[in-house]
Each structure stands twice: as structure tokens, then as C-alpha cells.
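The residues making up each chain are set out below.
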Amino acid sequence: GESVGLHLPTLSVQEGDNSIINCAYSNSASDYFIWYKQESGKGPQFIIDIRSNMDKRQGQRVTVLLNKTVKHLSLQIAATQPGDSAVYFCAERPYNTDKLIFGTGTRLQVFP
Amino acid sequence: GAGVSQTPSNKVTEKGKYVELRCDPISGHTALYWYRQSLGQGPEFLIYFQGTGAADDSGLPNDRFFAVRPEGSVSTLKIQRTERGDSAVYLCASGRGITEVLTFGAGSRLTVL
């Protein structure tokens, strides 16, 4: 079946370091991918998205990389800050559907 | 409002009872989604609306779950004969269209005793 998964359930980084959160997806027909950040007690918050016709997209301190050959998605956070501590979800939208399929999430812990 | 509003934020009920969860989307957003999130898991799709109609309800787990959006704005998720396994956070999200970025509410935490 369709699934989106993450390699690392918990990632701990030092403040100021760069963070890389990885995600594997199984549906090669997915045409849209998105990263959400979720803090405790809150709903998921949009970070960045990318369409399948791109392999890289940059935002403010964040970069998403898409490797369709190996069906891999990553989120890079530059100069990680304590406020970045949260659970991060990747999600995919299979082609010709209108729903997002979420992975199980990676918890990012930032230490001062 | 400025964001997606969900009420109640917390609901504790007994097994077998009926519950309603409400979602007020961002004004002007035509697409509205319901997701369910269990502890330690990612959100799981339940249903989405484009306007007043349910465009895809394939994620509803069984016929105890039902959702409406009669005027194309506010939506209500209805759960009949609740079971302990229904305990989760129910998230609502809205967007300008089904291909646009979704904005999520804070969720309604349902606990079935």
C-alpha cells in the first residue's frame, strides 16, 4: 500500500548546527510533497513544499530535497534553534488524489 | 478568523456516547479536511469537502463516523456509539483549494473512557 516513513524517530542536535530529517516514500506516482512541523498541543504547521518536477527548494533557513530515483525526501534546517524543537512530518499527495498521506514523524530536539 | 478554529479542544466521554466535533475553517477556504492523529503517529486522512459536498470520505473507519458541511463553511464530525479506540486528536484543515497548502487547527482531543 501507499506509505510514507521516516528513518529516524528522534534527532538530537546542538543549537547552531544544521539538521537533516529524512523521509522515504513508496508511491512513485506522488506529485507533491510537504513538510509540516508540529509542536506539542498544536496542529501541524506548514514549513515548505515541493512538486515532483523539482529536486530542490529553499525557504528561510530550510531546504527540501527530493530524490525521485530512490523515493527520498529530506528537510534541512540551517543553524538550528531551540524553537525548532518539534515533531516533523513529511507527507505526500499521490497523483490524481486530493489527500495528503503523512509519515509517522521525527522528533527534533535542540540542545543549547 | 485568522486561523482554523476547532471546538471543543478537549472532550471526555463514555463508551457508547455520541460526540460532535466542530471546525471553523479560514474564511473563504473552500477545501476542508478532517484527519485523526493517534499518539505518536502522523495524521490519518478521514474525509474532505470541496464546498458543501464530501468529495472523498474513503478514510472514515466505519459507519459510526459521519461529517457534514451544510453551508460550505463550518463542518461537524459526528461519532456515534463511541469506542475506546476512537480516542485520538481530531484535526481539521482548510485550504483555498484542494491543491493548495492546508492550514491545520489545533485539534480536538477526544478521550473515550
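What counts and what doesn't
- Residues numbered from 1 in each chain as written.
- Chains lettered and ligands numbered in written order.
- Predicted model: local features only at pLDDT ≥ 70, side-chain atom pairs only at ≥ 80, totals over all residues.
- Heavy atoms only, no water.
- Disulfide = S-S within 2.5 Å.
- Helix = DSSP H or I, 4+ residues; strand = E, 2+ residues; numbered from the N terminus.
- Pairing = 2+ DSSP bridges.
- Axes fitted to C-alpha atoms, helices over the stretch in contact; angles between N-to-C directions.

**Observations concerning the state of the cysteines**
Residue and element names in this part refer to chain A.
No. 1: Enumeration over the complete set of coordinates arrives at 2 disulfides over all chains.
No. 2: The disulfide that involves Cys23 links it to Cys90, with 1.8 Å between the sulfurs. Across the S-S bond of Cys23 and Cys90 the torsion is about 50°, and the bridge reads as right-handed. Highlighted residues: Cys23 in strand β3 (residues 19-25) and Cys90 in strand β9 (residues 86-94), separated in sequence by 67 residues.

**Let's talk about the sheet that holds strand β3 (residues 19-24) of chain B**
All names here are of chain B.
No. 1: Pairing in this open sheet of 4 strands is antiparallel, and the strands run β1-β3-β8-β7 from one edge to the other. Looking at the sheet topology across the chains shown, the edges are occupied by β1 (5-7) and β7 (65-68). Each strand axis lies, on average, 15° off the axis of its neighbour in the sheet, ignoring direction.
No. 2: In this structure, β7 lies alongside strand β8 (residues 75-79), joined through 4 bridges in antiparallel fashion. Paired with Val68 across the two strands is Thr76, which belongs to β8.

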